[in-house]
Amino acid sequence: MKDVAFGQYYPARSFLHNLDPRLKILFLIAYIVAIFLAPSTNFYGLAACAFVLILAVIFSRVPVLKVLRAVRGVLFLLVFTALLNVLFHGGETVYWSYGILRITREGIIFSAILALRLMLLVTFSSLLTYTTTPVALTDAIESLLTPLKWIRFPVHELALIMSIALRFIPILSEETDRIKNAQKARGADFEHGGPIAKVRAFVPILIPLLLCAFRRADELGDAMDARCYMGSKNRTKYKKLRFSWRDIIAFFVGAALITGVVLIRIYLGAPL
Amino acid sequence: MRIVAEHLSYIYNARTPFAAKALDDVSLTIEEGEFYGIIGQTGSGKSTFVQHLNGLLRLPSSLKRKKKKKGKGVSPVLRVGEFDLSEKKTDFRALRKHVGMVFQYPEYQLFAETVEKDVAFGLLNFAEKGKKPSDEEVKRAVWEALEAVGLDPKEYAEKSPFELSGGQKRRVAIAGVIVTKPEILVLDEPAAGLDPLGKREVMDLLHKFHGDWCKTVVIVSHDMDEIAENCTRAAVFSEGKVVKEAPPKELFRETEELSSLGLDIPLVAKLCEALKERGVKIECDFTEDGFINAVLGRAALRGKEGQA
């Protein structure tokens with residue numbers, strides 16, 4: 001239970017950890033754009049993206065194995081789409097065919113590029129969650145969404161809801177562990193039995209957990225009232241986000257990547 | 001059932017940056033029939049230790065240990081009665097039937113529509129396959145357990161556990177554990193969050209169970225008065241280690257060490273200390289009754305001397 005969803009953050013001191021979270025989000029967006037701008041007929045563009053990823057991993061100080069673990073989650077999707085593409089893509093240089101199935105040179109290249117794109121995408125975004133605390137992420141999102149305040153979109157409230165939700169994930173997961181242990185001590189069995197029995201076995205966990213969540217929500221609401229929380233008006237921040245020299249370097253790396261990929265697309269777009 | 005632990009260690013989140021050593025080479029023996037206390041500050045490893053007793057936390061399996069043994073050091077041992085908890089094949093459900101565990105704030109584990117159903121939960125879980133107890137048997141056992149925790153079954157059995165008061169909920173939760181008559185009853189801070197009267201009531205309950213219902217009672221607490229008043233023996237945990245183990249009578253004689261560990265001292269021990277500084281030596285076992293008797297005995301002696 002300890003490693004659910006946002007237990008991803010990998011504490012370390014590194015260049016990437018110290019970047020402004022807003023820049024990291026923008027960089028990720030730029031990176032995704034670059035991945036899909038890269039020509040899908042050859043590997044030059046993606047090679048540039050992969051190079052930036054390797055740089056980022058080195059400067060994040062997150063163990064390589066940990067970064068690669070992110071791919072494991074989408075491995076099935078990766079293999080499945082690659083296989084379909086290899087068999088159905090079609091093309092001129094046919095290696096093998098059976099009925100409508102054809103394995104071609106073009107198909108293999110296409111599916112390899114697609115798989116590579118997915119892998120780069122997943123690893124790079126996981127790098128963001130590895131090097132940024134959830135709190136910093138919500139802060140950054142709030143700051144990036146500020147322009148929406150003009151159309152009266154409740155940016156601050158949204159960010160608050162997000163950070164409360166994030167804060168509660170470890171609390172509730174701990175609570176789940178405790179309740180699960182308590183019921184286990186009373187002989188509850190979560191491993192054996194058919195699917196229906198297994199689902200039913202979770203009732204003694206779910207009900208106390210729900211009650212706990214409501215109780216905590218009530219308490220939090222009271223605590224916020226008691227400290228006169230009034231929403232976004234005139235609130236200042238404890239931690240102000242500021243750009244530093246690191247962010248300028250990262251900005252230029254990102255800009256160079258996009259320009260590079262665009263240039264590759266224009267001048268090196270020829271198929272292999 | 002005797003509890004024997006030797007060289008027990010436990011690390012949370014091992015091999016991650018969040019790794020935290022909770023137990024460090026703990027060796028303890030708890031004899032059958034004891035009312036055992038486990039004392040320590042928050043984070044001293046006391047809860048981690050008791051969660052080993054019914055297999056909720058496991059020690060490395062014997063196979064792994066053998067491999068390790070070649071390398072270095074001693075291998076951990078944990079036996080509860082005839083159960084060897086370092087063996088992977090051990091039937092942990094059978095073990096849990098014998099070792100009942102009441103967690104901190106047990107009232108938050110209640111879930112069923114009625115008190116009766118909730119208390120019966122453990123009973124039905126531990127029933128052997130094919131030998132489901134009849135409704136009659138279940139009802140009898142549940143009513144007995146409710147009576148034992150001081151709730152009138154006629155009044156409470158059909159109620160929803162969520163409409164009871166905090167103290168009553170806790171009683172129901174305790175009933176849900178003792179209903180299977182475990183030989184060893186482990187309680188993690190059983191009196192936490194209760195008012196002084198409620199605390200005393202819970203401890204009185206435990207004394208009632210001790211002996212008839214459960215041969216051995218183990219309580220985890222940081223309330224020294226509770227330990228001094230109730231326990232036959234107690235172990236002091238600090239930073240994952242057992243730093244002292246003795247009957248309360250000896251444990252609270254030297255109070256400096258406990259204070260240096262950031263632990264409180266029972267009120268009675270404080271009184272004895274204060275009296276000693278003023279030249280009055282009181283020998284007692286640090287229970288309230290023991291103290292009162294010792295003081296009265298002394299007063300009586302003085303009175304006689306005065307008459308003579």
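Calculation rules
- Residues numbered from 1 in each chain as written.
- Chains lettered and ligands numbered in written order.
- Predicted model: local features only at pLDDT ≥ 70, side-chain atom pairs only at ≥ 80, totals over all residues.
- Heavy atoms only, no water.
- Domains from an automatic or database assignment.
- Contact = heavy atoms within 4.5 Å.
- Buried area = accessible area lost by both parts, 1.4 Å probe.
- Salt bridge = Lys/Arg side-chain N within 4 Å of Asp/Glu carboxyl O.
- Polar contact = N/O pair within 3.5 Å; in protein donor to acceptor, adjacent residues only side chain to side chain.
- Nonpolar A, V, L, I, M, F, W, Y, C, P; charged D, E, K, R; others polar.
- Pairing = 2+ DSSP bridges.
- Helix = DSSP H or I, 4+ residues; strand = E, 2+ residues; numbered from the N terminus.
- Axes fitted to C-alpha atoms, helices over the stretch in contact; angles between N-to-C directions.

Trainee: How should I be thinking about the domain arrangement of chain A in this particular structure?
Mentor: How big an interface is tends to be reported as the loss of accessible area on association of its parts. All names here are of chain A. Assigned domains within chain A: domain 1 (15-143 + 244-267) and domain 2 (155-226). For domain 1 and domain 2, the distance between their C-alpha centroids amounts to 35 Å. Each partner contributes to the interface: domain 1 provides four residues, whereas domain 2 provides six residues. Note on domain 1 versus domain 2: buried area summed over both sides is about 460 Å², and carbon and sulfur give 79% of it. Where domain 1 touches domain 2, the interface holds zero salt bridges. Taken together, the connections running from domain 1 to domain 2 amount to one residue pair in polar contact (both at pLDDT 80 or more). For the side of domain 1 that touches domain 2, the class distribution of residues is two nonpolar, one polar and one charged.

Trainee: What is the right way to read the sheet that holds strand β9 (residues 233-238) of chain B from this model?
Mentor: All names here are of chain B. Taken together, the six strands give an open sheet; going across it, the order is β6-β7-β8-β3-β9-β10, and neighbouring strands pair in mixed fashion. Whereas interior strands pair on both sides, the edge strands pair on one side only; in this sheet they are β6 (99-102) and β10 (241-246). Adjacent strand axes in the sheet meet at a mean angle of 15 degrees, parallel and antiparallel pairs treated alike. Sheet topology places β9 next to β10; five bridges connect them, and they run antiparallel. Bridged to Ser 238 within β10 is Lys 241. Docked against the sheet, helix α7 (residues 166-178) engages β6 and β7 (184-188), running at close to 165 degrees with respect to β6.

Trainee: Help me out: how do you make sense of the interface of chain B and chain A in this one?
Mentor: In this complex, chain B contributes 24 residues to the contact, which on the side of chain A involves 20 residues. Of all residues in chain B, B:Tyr108, B:Gln109 and B:Phe111 give up the largest surface area on contact with chain A, accounting jointly for 29% of the area buried on that side. Taken together, the connections running from chain B to chain A amount to one salt bridge. B:Asp118 is the salt-bridge partner of A:Arg186, the closest N and O atoms lying 3.1 Å from each other. Applying the counting criterion to the chain B and chain A interface returns six residue pairs in polar contact (both at pLDDT 80 or more). The set of elements that each furnish at least two residues to the side of chain B that touches chain A consists of α3 (92-98), α4 (115-126) and α7 of chain B. With five residues, the single largest contributor to the side of chain B that touches chain A is α4(B). Tallied by class, residues from the side of chain B that touches chain A come to 13 nonpolar, eight polar and three charged.

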